[in-house]
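# Architecture at a glance
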Amino acid sequence: MTADSPHPQRILLVTGLLGAGKTTAMRALEDLGWEAVDNFPLRLLDRLLETGAGNTDTPLAIGFDTRTRGFDPRTIIDRVKGLAERQDLSITTLFLDCGSAELQRRYNETRRPHPMSEDRPAEAGIVAERELLEPLRRWADVVLTTTDFTTNDLQQAIRNHFRQDTSSRPVITVSSFGFSRGTPPLSDLVFDMRFLANPHWVDALRPLTGRDAAVGDYIRGDPAFAEAFARIRDLLLLLLPRYAEQGKAYVNIAFGCTGGKHRSVFMAEQIALALREAGFSPTLLHRNLGARAADLVERSGAGLAR
């Protein structure tokens with residue numbers, strides 16, 4: 001390490017049996033902020049590390065397997081052992097394993113021949129590859145067996161092991177909208193506020209919006225508001241950490257009312273405030289606030305809106 005690079009460069013070597021999920025793992029690492037280089041000739045590893053010297057902020061994931069040029073487990077182990085002695089590098093090896101029967105099923109599904117089977121059944125190639133890779137498997141720091149994994153299971157396992165910032169949270173958007181103009185298509189959670197008393201039917205409140213104090217006081221006066229707000233807030237505080245654990249990058253929370261001017265705006269504002277107090281940083285959007293047709297919509301929906 002140098003004065004300019006106080007932290008060692010984090011390197012993850014990703015290998016394993018063909019069909020065990022290396023491509024999925026590399027994509028998951030890339031989503032986590034790793035620089036991912038797949039099928040890299042390991043004889044050029046020293047040159048790659050020298051090229052990226054000094055950039056310790058971005059971890060590097062290098063994928064390789066039996067198809068990689070110059071692949072030889074013993075040589076790879078010796079090379080990495082030498083690199084691990086460097087103070088400016090922190091090297092971890094991930095090995096992806098999988099049961100032979102499941103690998104055969106995957107090859108049958110994709111109708112792809114195993115690269116080491118030549119003119120024999122896929123089973124023969126899997127056996128040969130497993131024998132070749134056994135030294136790497138024994139030596140690897142982390143072994144993930146993906147036999148019973150779905151793609152999502154593997155992505156979750158990668159996040160659990162290699163997430164850079166365990167406190168990372170999804171990007172949260174809280175929005176208001178009017179049902180008359182359709183539900184926002186990308187909403188993950190939609191709450192209908194039309195059960196609350198409608199300020200539109202109060203002459204003095206009609207020109208105002210959910211951002212105005214008088215409108216807020218009116219909506220708070222509805223006997224259903226306090227309990228509904230508390231339950232929605234508590235539900236979101238329960239769900240948002242779970243979304244983060246599942247690696248969800250974006251969560252869109254939408255509140256709707258008839259015209260998107262009063263009730264949905266007020267609830268969105270209050271929920272966004274509650275989330276900020278809980279340590280989240282939501283973006284607040286009002287899709288239909290100020291729309292010229294809002295009053296007409298309220299009138300046309302009189303029976304429901306009241």
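A brief structural summary. (Residues numbered from 1 in each chain as written. Predicted model: local features only at pLDDT ≥ 70, side-chain atom pairs only at ≥ 80, totals over all residues. Heavy atoms only, no water.)

## Quick word on helix H3 (residues 73-84)
Taking 1.5 Å of rise per residue, 12 residues should cover 16 Å, and H3 covers 16 Å from first to last C-alpha, within 8% of that figure. Three or more residues of H3 are buried, namely Pro-73, Ile-76, Ile-77, Val-80 and Leu-83. On an axial view of H3, the arc spanned by its buried residues comes to 130°, and they lie on one face. (Helix = DSSP H or I, 4+ residues; strand = E, 2+ residues; numbered from the N terminus. Expected span 1.5 Å × (residues − 1). Buried < 20%, exposed > 50% of the residue type's maximum accessible area, 1.4 Å probe, protein only. Arc of directions from axis to C-beta.)

## Examining unusual backbone geometry
Its identity is not glycine, yet Asn-39 carries a phi of approximately 55°, on the positive side. Relative to the elements of secondary structure, Asn-39 occurs in the loop between strand S2 (35-37) and helix H2 (45-51).

## Some words on the environment of Thr-58
Mapped onto the fold, Thr-58 is located in the loop between H2 and strand S3 (60-63). On the basis of relative accessible area, Thr-58 is assigned to the partly exposed category, the value being 27%. Expressed as a C-alpha distance, the spacing of Thr-58 and Glu-35, which sit 23 residues apart in the sequence, is 6.6 Å. Those residues within four positions of Thr-58 in sequence are excluded, and the remaining contacts are Gln-9, Gly-33 and Glu-35. (Contact = heavy atoms within 4.5 Å.)

## With respect to the nonpolar core
Core analysis: the largest hydrophobic core is formed by 44 residues, its most contacted members being Leu-29, Leu-94 and Ile-158. With 5 residues, the single largest contributor to this core is strand S4 (residues 89-97). Among residues more than four places away in sequence, those in contact with Leu-29 are Leu-12, Val-14, Trp-34, Ala-61, Ile-158 and Phe-162. In this structure, Phe-191, Leu-196, Ile-253 and Ala-268 belong to the second largest nonpolar core, which totals 24 residues. (Core = buried A, V, L, I, M, F, W, Y, C linked by side-chain atoms within 4.5 Å.)

## Remarks on helix H1 (residues 22-31)
Those residues of H1 not exposed but buried are Lys-22, Thr-24, Ala-25, Met-26, Ala-28 and Leu-29. Residues of H1 that are buried in the fold lie against strand S1 (9-16), S2, S3, S4 and helix H6 (151-162). Phi for Gly-33, located one or two positions after H1, is positive at around 100°.

## Focus: the pattern of salt bridges
Counted under the stated rule, the structure contains 18 salt bridges. Across the pair Arg-130 and Asp-97 runs a salt bridge, and its minimum N-O distance is 3.0 Å. Taken together, the residues span a long stretch of sequence, with Arg-130 in helix H5 (residues 122-139) and Asp-97 in strand S4 at a distance of 33 residues. Assessed through its relative accessible area of 24%, Arg-130 is described here as partly exposed. As a salt-bridge pair, Arg-231 and Glu-227 come within 2.6 Å of each other at their nearest N and O atoms. With a gap of 4 residues between them, Arg-231 and Glu-227 both fall in helix H8 (residues 225-245), about one helical turn apart. Salt bridges linked by common partners bring Lys-22, Asp-38, Asp-65 and Arg-67 together as one network. (Salt bridge = Lys/Arg side-chain N within 4 Å of Asp/Glu carboxyl O.)

No statement about biological role is implied by the geometric values presented.
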